[in-house]
Amino acid sequence: MSEVDNKIGTYRFVAEPFHVDFTGRLTLGVLGNHLLNCAGFHATERGFGIATLNEDNYTWVLSRLAIELDELPYQYEDFSIQTWVENVYRLFTDRNFAILNKDGKKIGYARSVWAMINLNTRKPADLLALHGGSIVDYVCSEPCPIEKPSRIKVAATEAEESLTAKYSDIDINGHVNSIRYIEHILDLFPIALYKTSRIRRFEMAYVAESYCGDKLSFYKEDAGAGVYNIEVKKNDAEVVCRSKVVFVQATEQWERTDEGLKTNEIRNLNINVGESHK
């Protein structure tokens, strides 16, 4: 195994039926969750996972995420995710990902920025002091051919939608889960758009934490050419995150036809009937 291969973690998954949307393809929320899990697996295997950090009262927090896709795995398909550390700075680290289809072809990439914070003060900690700075030993030169997360600006002044953060939004840290923001943002767009278009690029910039009971207001701005900028505020005041969503026309391969829908419904029915007679 080469030095580069040793620094890259590869993790395998299956696009389960309850992880796909009406097109039969993996949802972006589930993909985002897999990316974060892979980051956790990779860090843990190298001695700087959350469980180890928690012993010293520290944890990782996601600051920025950008995902760019050519396609997404289809229902029941195997796929894998690779992840590696690109850079380590004093307060932040850059982590990249590649998404591979069942044939090993790279069908998407992601870039992320993370900080390590003190659980008591919620302030960033010095990454270069972590385990004597050994995290830099895992910096990898593997290329990631997509743009870094951009600086998102939103001019909209009227909220498109509002909701109250509830039980299913809250994670183990007691605040709204980063993936739940993604899912709520994707719900801002009509299902008719998803029937003719697909997401080419999705960006998130996390600014502040929100908690159960907070009112979350979503401001959406149409920037043209399939680009939308979104800002989320809590309690009509503080910005908690910003997002950029880029749609492109769906190809025939991406679109799910009525015939394909019927075929998969029959397949699912056969599986359920078969299981009920076991």
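None of the values given here were measured: they were computed from a predicted structure.

Thresholds, definitions, all that
- In this convention, every chain numbers its residues from 1, walking through the sequence in written order.
- Reporting of local features is limited, given that this is a predicted model, to residues whose pLDDT is at least 70; pairs of side-chain atoms are given and counted only at 80 or more, and all residues count toward the totals for whole chains, interfaces and linings.
- Excluding hydrogens and water, the side-chain figures rest on all heavy atoms present in the structure.
- Strands are runs of DSSP state E lasting at least two residues, helices are runs of H or I lasting at least four, and both sets are numbered from the N terminus onward.
- Throughout this description, buried means an accessible area under 20% of the type-specific maximum (1.4 Å probe, protein chains only), exposed means over 50%, and partly exposed covers the range between.
- Using a 1.4 Å probe, the Shrake-Rupley method yields the accessible areas, and only the shown protein chains count as cover for residues.
- Definitions used for this entry: grid spacing 1 Å over protein atoms alone; cavity, a set of points where a 1.4 Å probe fits but cannot get out; pocket, an open set with protein on both sides within 12 Å along at least 5 of 7 lines; lining residue, one with an atom within 4 Å of a point.
- Grid points are joined across faces, edges and corners, and a volume is the space filled by probe spheres set on the points.
- Gly is placed with the polar residues, together with every amino acid not listed as nonpolar (Ala, Val, Leu, Ile, Met, Phe, Trp, Tyr, Cys and Pro) or charged (Asp, Glu, Lys and Arg).
- Bear in mind that the domain bounds are from an automatic or database domain assignment.
- Only strands joined by at least two bridges in the DSSP assignment are considered to pair.
- Axes, fitted as lines to C-alpha atoms, cover a helix only where it is in contact. Angles between the N-to-C directions of the axes lie from 0 to 180 degrees.
- Contacts are assigned to residue pairs with any non-hydrogen atoms lying within 4.5 Å of each other.
- Each angle is binned into one of four classes, with values under 35 degrees roughly parallel, values over 145 roughly antiparallel, values of 65 to 115 roughly perpendicular, and all other values oblique.
- In a left-handed crossing the near helix is turned counterclockwise from the far helix by less than a right angle, and in a right-handed crossing that turn is clockwise.
- Between the first and last residue of a helix there are one fewer steps than residues, each counted as 1.5 Å, and that sum is the expected span.
- Ring pairs shown here join Phe, Tyr and Trp side chains whose ring centres sit within 6.5 Å, with only the six-membered ring taken for Trp; geometry is labelled stacked below 30 degrees between planes, edge-to-face above 60, and tilted in between.
- In this scheme, the term charge over a ring applies when either NZ of a lysine or CZ of an arginine sits within 6 Å of the ring centre and within 35 degrees of the ring normal.

Engineer: Can you walk me through the overall build of the chain in this structure?
Structural biologist: Scanning the chain from terminus to terminus reveals 6 helices and 10 strands. Put simply, the chain has 278 residues, and 47% of those count as buried. A total accessible area of about 14,200 Å² is found for the chain, and carbon and sulfur atoms account for 50% of it.

Engineer: I keep staring at the layout of surface pockets and nothing clicks. Help me out?
Structural biologist: Any space left empty among the atoms is revealed by the rolling of a water-sized probe across them. A volume near 1,100 Å³ is recorded for the largest pocket. If you go around the largest pocket, you meet 41 residues; those closest to its centre are Trp60, Val61, Leu62, Trp114 and Asn173. Among the secondary structure elements, those contributing two or more residues to the lining of the largest pocket are helix H2 (28-45), helix H3 (50-55), strand S2 (58-69), strand S4 (93-100), strand S5 (106-118) and helix H4 (178-186). The element best represented in the lining of the largest pocket is H2, accounting for 8 residues. For the lining of the largest pocket, the residue count by class is 23 nonpolar, 14 polar and 4 charged. Composition of the lining of the largest pocket by domain shows at least three residues from each of domain 1 (1-149) and domain 2 (150-252). Residue lining of the second largest pocket: 19 residues in total, with Asp21, Thr27, Leu28, Leu186 and Tyr194 positioned closest to the centre. Mapped onto the lining of the second largest pocket, the elements with two or more residues apiece are H2, H4, helix H5 (191-196) and strand S7 (197-206). Per-element accounting of the lining of the second largest pocket gives the leading share, 3 residues, to S7.

Engineer: When you look at the sheet that holds S5 in this model, what are you seeing that I'm missing?
Structural biologist: Taken in spatial order, the 10 strands line up as S1-S3-S4-S5-S2-S7-S10-S9-S8-S6 in an open sheet, and their pairing is antiparallel. Both outer strands of the open sheet, strand S1 (9-14) and strand S6 (161-164), are each paired with one neighbouring strand and no more. The sheet shows a mean angle of 25° between the axes of neighbouring strands, direction not considered. Running at roughly 55° to strand S3 (residues 78-88), H2 makes contact with S1, S2, S3, S4, S5 and S7 of the sheet. Relative to S7, H4 is tilted by about 135°, and along the sheet it contacts S2, S6, S7, strand S8 (215-224), strand S9 (227-234) and strand S10 (238-249).

Engineer: What is the right way to look at the pairing of S3 in this model?
Structural biologist: For a regular strand, side chains alternate in direction, first toward one face of the sheet and then toward the other. Burial runs high along S3: 9 of the 11 residues are buried. Relative to S3, S1 runs antiparallel, the two sharing 6 bridges. Among the inter-strand pairings, Phe13 is bridged to a residue of S3, identified as Phe79. Where S3 and S4 come together, 8 bridges link them in antiparallel fashion.

Engineer: How should I be thinking about the packing of H2 against H4 in this particular structure?
Structural biologist: Packing of H2 against H4 brings their axes to within 9 Å, and their N-to-C directions diverge by 160°. Classified by the angle their axes make, H2 and H4 are roughly antiparallel. In terms of crossing hand, the pair formed by H2 and H4 is right-handed. Contact residues: H2 offers Leu28, Gly29, Gly32, Asn33 and Leu36, while H4 offers Ser178, Ile179, Ile182, Glu183 and Leu186. Tallied by class, residues from the contact of H2 with H4 come to 5 nonpolar, 4 polar and 1 charged.

Engineer: Looking at this structure, how should I read H2?
Structural biologist: It helps to recall that an α-helix has 3.6 residues per turn; residues three or four apart then point in one direction. Taking 1.5 Å per residue as the helical rise, H2 with its 18 residues ought to reach 26 Å, and the 26 Å between its terminal C-alpha atoms agrees with that figure. Leu28, Gly29, Val30, Leu31, Gly32, His34, Leu35, Leu36, Cys38, Ala39, His42 and Ala43 are the residues of H2 that are buried. At the C-terminal side of H2, Gly47 shows a positive phi close to 90°.

Engineer: What is the right way to look at the packing of aromatic side chains in this model?
Structural biologist: We describe a pair of aromatic rings using the distance from one ring centre to the other and the angle between the two ring planes. Going through the model one piece at a time under the given rule, you end up with 9 aromatic pairs. Seen in terms of ring centroids, Phe13 and Phe79 are 5.6 Å apart; in terms of plane orientation they differ by 25°. Their pairing is stacked. Residue Phe13 is located in strand S1, and its partner Phe79 is located in strand S3; the two are separated by 66 residues in the primary sequence. Judged by relative accessible area, which is 3%, Phe79 ranks as buried. With a centroid separation of 5.8 Å and 45° between ring planes, the pair formed by Phe48 and Tyr138 is classed as tilted. In this pair, Phe48 is assigned in the loop between H2 and H3 and Tyr138 in the loop between S5 and S6, connecting sequence segments 90 residues apart. In this structure an aromatic cluster arises from ring pairing among Phe189, Tyr194, Tyr228 and Phe247. One cation-aromatic arrangement involves Lys233 over Tyr219; the distance from NZ or CZ to the ring centre is 5.1 Å.

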